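The lines below spell out each chain.
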Amino acid sequence: NFIKKNLNLKKNNIADLGSGNGNFLFHLKKKVPFQNYFGFEYSRQMLNKCKSQEYLKEINFNEINIIKKPIRPNMDIIVSTAVTYQFKESEFIKCMKNIYKSLKKNGTYIGYELVNEFSQELTIIEKTDLYKTGIPLHIRSKNYLKKILIKIGFKEINFNFFNIRIDLESKKNISKMS
């Protein structure tokens, strides 16, 4: 709904930065048809998978390293989900500068990221089966982000915090700690 409210009257260029398997764009295209959709991804493996999927054929997928260069052509709306929190500070600033350069005049950037309302910057190392040696997750404060984004050139900055209200099932047969 937020994306629909930010559309111009013409056909818009809408990008998913870090498009992964393409599912976000697939569902968005069903809800908001008649737009130009672009998926930008760092992983060639994910890009090749998206390009080979028949149901994603009307979406233009491209490889990009957003830290090194902006998106072309310029976009009306750019969405990223769980992308920028992976970057250390210097990379994050380069990334945000390139996102800003990737937007058309009066374009909109929507970032679904890890943000906190406190005056603290946090880094957590997540270790999983996928990231055995760990991956840093940078949880930036709203105040820090606002300062950086204004310095880059973003004009209107809004934060909409939300909670995901679901209960995750616990694994059965977990041995009790003694």
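The preceding data block contains the structure.
Residues numbered from 1 in each chain as written. Predicted model: local features only at pLDDT ≥ 70, side-chain atom pairs only at ≥ 80, totals over all residues. Heavy atoms only, no water.

> Break down the pairing of strand E2 (residues 36-41) for me, citing the residues and quoting the values.
The element E2 is extensively covered by neighbouring structure, given that five of its six residues are classed as buried. As paired elements, strand E1 (residues 13-17) and E2 share five bridges and run parallel to each other. Bridging across to E2, Leu17 finds its partner in Phe40. Across four bridges, E2 lies against strand E3 (residues 60-63) in parallel orientation. (Buried < 20%, exposed > 50% of the residue type's maximum accessible area, 1.4 Å probe, protein only. Helix = DSSP H or I, 4+ residues; strand = E, 2+ residues; numbered from the N terminus. Pairing = 2+ DSSP bridges.)

> Before we move on, could you go through unusual backbone geometry and cite the residues and values that matter?
Working note: non-glycine residues mostly have negative phi, and peptide bonds are mostly trans. Cis geometry is found at the peptide bond from Arg72 to Pro73, where omega equals 0 degrees. Position of Pro73 relative to the elements: it lies in the loop between E3 and strand E4 (75-81). One non-glycine residue, Phe34, lies in the positive phi region at around 65 degrees. By the secondary structure assignment, Phe34 is in the loop between helix H2 (23-31) and E2.

> Lay out helix H4 (residues 89-102) in plain terms, naming residues and giving numbers.
Given 3.6 residues per helical turn, the α-helix brings residues three or four places apart onto the same face. Here H4 spans 20 Å end to end across 14 residues, near enough to the 20 Å set by a 1.5 Å rise per residue. Listed in full, the buried residues belonging to H4 are Phe92, Cys95, Met96, Asn98, Ile99 and Ser102. The arc that holds the buried residues of H4, viewed along the axis, is 165 degrees, so those residues lie on one side. Summarising the contacts, the buried residues of H4 are in contact with E1, E4, strand E5 (103-112), strand E8 (135-141) and helix H5 (142-152). (Expected span 1.5 Å × (residues − 1). Arc of directions from axis to C-beta. Contact = heavy atoms within 4.5 Å.)

> Could you give me a rundown of the sheet that holds E2, with the residues and numbers involved?
On the basis of which strands lie adjacent, the open sheet formed by five strands has the order E3-E2-E1-E4-E5 and parallel pairing. Whereas interior strands pair on both sides, the edge strands pair on one side only; in this sheet they are E3 and E5. Adjacent strand axes in the sheet meet at a mean angle of 20 degrees, parallel and antiparallel pairs treated alike. Here helix H3 (residues 44-52) sits on the sheet and contacts E2 and E3; the angle it forms with E3, its principal contact strand, is near 165 degrees. On top of the sheet, H4 reaches E1, E4 and E5; it is set at about 135 degrees to E5, its chief contact. (Axes fitted to C-alpha atoms, helices over the stretch in contact; angles between N-to-C directions.)

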